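# Fold and contact review
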Amino acid sequence: MVVSAGIACEFFERLGDPQQRLTRLKQWFDAVFESRAFDAIDMHDYFVPEEGNPWGITFGGYIRAVKGWMNEKAVRAPLWIT
């Protein structure tokens, strides 16, 4: 089983507004998707939902974005949250 590398969302706190952060995240995931070198896709979210999210994107919004990007690239692998 090959699971793609997950990227730490805290890295994106310094990349501008939430839309800029999502744009950079999409670039990361697109590169992974295009490789087709995985059996599952991994994503991270290190913030407790009840405490808010300092990078301005909710956990649900992050999941919806990744699933949408997967659909755009016809990725049919499971999404793992680690």
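Read on for a plain summary of the structure. Quantities reported herein were computed from a predicted structural model and do not represent experimental measurements. (Residues numbered from 1 in each chain as written. Predicted model: local features only at pLDDT ≥ 70, side-chain atom pairs only at ≥ 80, totals over all residues. Heavy atoms only, no water.)

Attention now goes to the side chain of serine 4. Mapped onto the secondary structure, serine 4 falls in the segment before α1 (18-35). One polar contact links the side chain of serine 4 to the main-chain amide nitrogen of aspartate 42, over a distance of 2.9 Å. Apart from residues no more than four positions distant in its own chain, serine 4 is found in contact with Val32, Phe38, Ala40, Ile41 and Asp42. (Helix = DSSP H or I, 4+ residues; strand = E, 2+ residues; numbered from the N terminus. Polar contact = N/O pair within 3.5 Å; in protein donor to acceptor, adjacent residues only side chain to side chain. Contact = heavy atoms within 4.5 Å.)

The tally for this structure, following the rule as stated, stands at two aromatic pairs. Ring centres of phenylalanine 29 and phenylalanine 33 lie 5.8 Å apart, and the angle between their planes is 35 degrees; this geometry places the pair in the tilted category. Placement of the pair is phenylalanine 29 and phenylalanine 33 together in helix α1, with a separation of four residues, close to one helical turn. With relative accessibility at 0%, the residue phenylalanine 33 sits in the buried group. Measuring from ring centre to ring centre gives 5.8 Å for phenylalanine 29 and tryptophan 69, while their planes differ by 40 degrees; the resulting arrangement is tilted. Linking phenylalanine 29 in helix α1 with tryptophan 69 in helix α2 (residues 59-72), this pair joins segments that are 40 residues apart in sequence. Judged by its relative accessible area of 8%, tryptophan 69 is buried. Through a chain of ring-to-ring contacts, three or more aromatic side chains come together here, namely Phe29, Phe33 and Trp69. (Phe/Tyr/Trp six-rings, centres within 6.5 Å; stacked < 30°, edge-to-face > 60°. Buried < 20%, exposed > 50% of the residue type's maximum accessible area, 1.4 Å probe, protein only.)

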